[in-house]
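Each chain, letter by letter, is given below.
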Amino acid sequence: MLILGIETTCDETAAAVVERHEDGRAAILANVVLSQIAEHEAFGGVVPEIAARAHVEALDLIIATAMADAGCDFGGLDGVAAAAGPGLIGGVIVGLTTAKAIAMVHEKPLVAVNHLEAHALTARLTDGTPFPYCLFLASGGHTQIVAVRSVGDYMRLGTTRDDAIGEAFDKTAKLLGLGYPGGPRVEQEAARGDRTRFALPRPMIGRYDADFSLSGLKTALRLEAEKIAPLAEQDVADLCASFQLAVVEMMVDRLHQGLRIFRQRFGAPSALVAAGGVAANGAIRNALRDVAVQDQVALVVPPPALCTDNAAMIAWAGAERLAYGLCDGLDTVPRARWPLEQVGKPVVAPSAASVVTAPTAIAAVSTGPLEVAPPVRSDAASSAVV
Ligand code: KG4
Ligand code: ZN
């Protein structure tokens, strides 16, 4: 099954073509990402109107490039998937409308993908990770520990009570004058800083739930910075290193709790899986390895380029949903908010055993879940790094 994926929910204009084989294996045939960093840099963050306009200007060419890289034409596709939310609504409208147009003209099924579900399923694209697994999703807008039990079946075990981890990295960067995008710049500074210099708080550590809280840490960092202002270069590096260590230590504690809760409710997970832009951070990736060893669970962390926003994950989520026979109508609305738990679940016919082929005609109205055969579950062993 050959799927075109489109991603425009934030500041990356992306298109990809992914192939899903009947046994659940995947191949990325093309993966094109155009970052809008230059457009937003002067403003210190993403400006929604500028982002939407930039998506309009770039998307057609990005899609054409992806199709050319993959060596296929629209007629050869089995479906078109676009991120339909959550995200900045202007950008979501651009991507979803473009996908609808391609689906309509070429009579292909449309899949309106939840961006968070795409992050959640990336480990199956890269490693064929079998369900159920424990997901640590950390992006600019979300920080969650989620039980991923099947396509469309997600249960949140923990979440942030205020800021997302990526947001905290971005705000730290802004406060210290490091600009945008914040996460990679804070990581860069932290690499040459003294992580023990500032005793920043570790919120939530020791609690029996799996929730996060970042706003106290952010405030503590600001107070420390104000105390020693004006900041020398080494001060900035030390603040970044101390901040990153506090985040890592909180994350480790929260993941131990999340895995404990997962085991209590669902038994052993096949893996601890990381996703979202924050999982591109080297210190976070190292700490995840330690958690996996201590908790004796396999670890799957997709390569950094598939942790940050991309369209391969959208195409893959579209393929996983199409394999269940799930597609969406041309009346599907773009959504600024769309919690993972509200993603449509497949209705599986108990006796059916094979994968459905994608419908060749698009539905004129929302079909919702179709009552069709179950998907192939990938039983391939994950190439986990522990
Ligand atoms: O998943 P993503 O690309 O977009 C969203 O869906 O939000 O995540 C973006 C977030 C940003 O907050 C960014 O600062 C953070 O991920 N991020 C990082 C790193 N690379 C991206 N945070 C820490 N260290 C990094 N290397
Ligand atoms: Zn994302």
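All residue numbers refer to position in the chain's written sequence, counted from 1. Here every chain gets a letter starting at A, and every ligand a number starting at 1, in the order they are written. Residues qualify for local features only when their pLDDT is at least 70, as the model is predicted, and side-chain atom pairs are given and counted only at 80 or more; totals for whole chains, interfaces and linings, by contrast, use all residues. Excluding hydrogens and water, the side-chain figures rest on all heavy atoms present in the structure.

Asker: Please explain the site of ligand 1 as it appears in this structure.
Answerer: Close contacts around ligand 1 come from 18 residues, with Gly140, Asp170, Glu187, Gly277 and Asp309 the closest. Contact distances for ligand 1 include 2.7 Å between a nitrogen atom and a side-chain N or O atom of Glu187. Note on areas: these come from Shrake-Rupley sampling with a 1.4 Å probe, and a residue is covered only by the protein chains present in the view. Starting from 550 Å² of accessible surface for ligand 1 in isolation, the protein chains cover 87%. Residues are counted as near a molecule or strand when any one of their heavy atoms sits within 4 Å of it. As used in this structure description, the phrase polar contact means that two N or O atoms lie within 3.5 Å; if the pair is within protein, one of them must be able to donate a hydrogen and the other to accept it, and residues adjacent in sequence are counted only when both atoms belong to side chains.

Asker: Help me out: how do you make sense of helix H9 (residues 282-294) in this one?
Answerer: An α-helix turns once every 3.6 residues. As a result, residues three or four positions apart point the same way. Here a helix means four or more residues in a row that DSSP labels H or I, a strand means two or more in a row labelled E, and each is numbered from the N terminus. The span you would expect from a helix comes to 1.5 Å times its residue count less one. Here H9 is 13 residues long and its end C-alpha atoms lie 19 Å apart, about the 18 Å a rise of 1.5 Å per residue gives. Whether a residue is buried, partly exposed or exposed follows from its accessible area with a 1.4 Å probe, protein chains only, as a fraction of its type maximum: under 20%, in between, or over 50%, in that order. For H9, the complete set of buried residues consists of Ile284, Arg285, Ala287, Leu288, Val291 and Ala292. For H9, the angular spread of the buried residues around the axis is 165°, confining them to a single face. For H9, exposure combined with an orientation more than 90 degrees from the buried face picks out Val293 and Gln294. Here the buried face of H9 lies against strand S6 (133-138), helix H8 (233-266), strand S9 (272-275), strand S10 (299-300) and helix H10 (304-307). Capping the start of H9 is the job of one residue whose side-chain oxygen sits 2.9 Å from the backbone nitrogen of Ala283: Asn281. Of the residues one or two after H9, Gln296 is the one with positive phi, at around 50°. An arc is given here, and it is the one of the directions from the helix axis to the C-beta atoms. Note on contacts: a residue pair qualifies if any of its non-hydrogen atoms lie within 4.5 Å across the two residues.

Asker: Explanation requested: the pattern of salt bridges in the structure shown.
Answerer: Opposite charge on two side chains lets them pair, provided their charged atoms get close. Should a side-chain nitrogen of Lys or Arg be within 4 Å of a carboxyl oxygen of Asp or Glu, the pair is scored as a salt bridge. Under the defined criterion, the tally for this structure stands at 20 salt bridges. For the salt bridge of Arg149 with Asp153, the shortest nitrogen-to-oxygen distance reads 3.4 Å. For Asp153, a relative accessible area of 16% translates into the label buried. The partner of Arg197 in a salt bridge is Asp235, and the shortest N-O contact between them spans 2.8 Å. Here Arg197, found in the loop between helix H6 (182-190) and helix H7 (215-228), pairs with Asp235, found in helix H8; they are 38 residues apart in sequence, far enough to count as distant. In this structure Asp235 comes out as buried when scored by relative accessible area, which is 12%.

Asker: When you look at the packing of aromatic side chains in this model, what are you seeing that I'm missing?
Answerer: Aromatic ring pairs: the centre-centre distance and the angle between the two ring planes describe each pair. What counts as a ring pair is set by centres within 6.5 Å for rings of Phe, Tyr and Trp (its six-membered ring), and what kind of pair is set by the plane angle: stacked under 30 degrees, edge-to-face over 60, tilted for all other angles. One pass over the structure, following the stated rule, counts four aromatic pairs. Ring geometry for Phe131 versus Tyr133: centroids 5.8 Å apart, planes at 10°, classification stacked. On the basis of relative accessible area, Phe131 is assigned to the buried category, the value being 11%. You can call Tyr133 buried: its relative accessible area is 0%. Centroid distance Phe169 to Phe243: 5.1 Å. Interplanar angle 80°. Geometry classified as edge-to-face. Placement of the pair is Phe169 in helix H5 (residues 165-175) and Phe243 in helix H8, with a sequence separation of 74 residues. Here the two residues Phe169 and Phe243 agree in accessibility, since each one is buried. The aromatic ring of Tyr208 is capped on one face by Arg260, whose charged end is 3.7 Å from the ring centroid. The criterion is that NZ of a Lys, or CZ of an Arg, lies within 6 Å of the ring centre and within 35 degrees of the ring normal, and then a charge sits over that ring.

Asker: Explain the sheet that holds S10 here, please?
Answerer: In a beta sheet, neighbouring strands are held together by backbone hydrogen bonds and run either parallel or antiparallel to one another. In spatial order, the strands read S8-S7-S6-S9-S10; together these five strands make up an open sheet with mixed pairing. Two strands lie at the open edges of the sheet, namely strand S8 (153-159) and S10, each paired on one side alone. When DSSP locates at least two bridges between a pair of strands, those strands are taken to pair. Judged from the four bridges that link them, S6 and S9 form a sheet pairing that is parallel. Counted as the bridge partner of Cys134 is Leu272 from S9. Note on geometry: axes are lines fitted to C-alpha atoms, helical ones only across the stretch in contact, with angles between N-to-C directions running from 0 to 180 degrees. Packing of helix H4 (residues 115-127) onto the sheet brings it into contact with S6, strand S7 (143-150), S8, S9 and S10, and relative to S6 it is tilted by some 125°.

Asker: Explain the pairing of S7 to me, please; I cannot follow it from the model alone.
Answerer: Two faces make up the sheet, and in a regular strand the side chains alternate between them. Among the eight residues that make up S7, seven are buried, leaving the element largely enclosed by the rest of the structure. Count of turn residues in the S6/S7 antiparallel hairpin: four residues. Taken together, the six bridges between S7 and S8 define a ladder with antiparallel strand orientation. When the bridges of S8 are listed, Ala147 appears paired with Met155. The antiparallel hairpin formed by S7 and S8 contains two residues in its connecting segment, where Gly152 sits at a positive phi of about 80°.

Asker: Looking at this structure, I do not really get the sheet that holds strand S1 (residues 2-7). What am I missing?
Answerer: Strand order in the open sheet formed by five strands is S3-S2-S1-S4-S5, with mixed pairing between adjacent strands. At either end of the open sheet lies a strand with only one pairing partner, and these are strand S3 (26-35) and strand S5 (110-114). Here the average twist between neighbouring strands, direction ignored, is 20°. Bridge count between strand S4 (residues 79-85) and S5: five bridges; the pairing is parallel. By the bridge assignment for S5, Val80 is matched with Leu110. Its contacts with the sheet place helix H2 (residues 48-70) against S1, strand S2 (12-20) and S3, and it is angled at close to 25° to S2. Strands in contact with helix H11 (residues 312-323) are S1, S2, S3, S4 and S5; relative to S2, the strand with the most contacts, it is inclined by about 40°.

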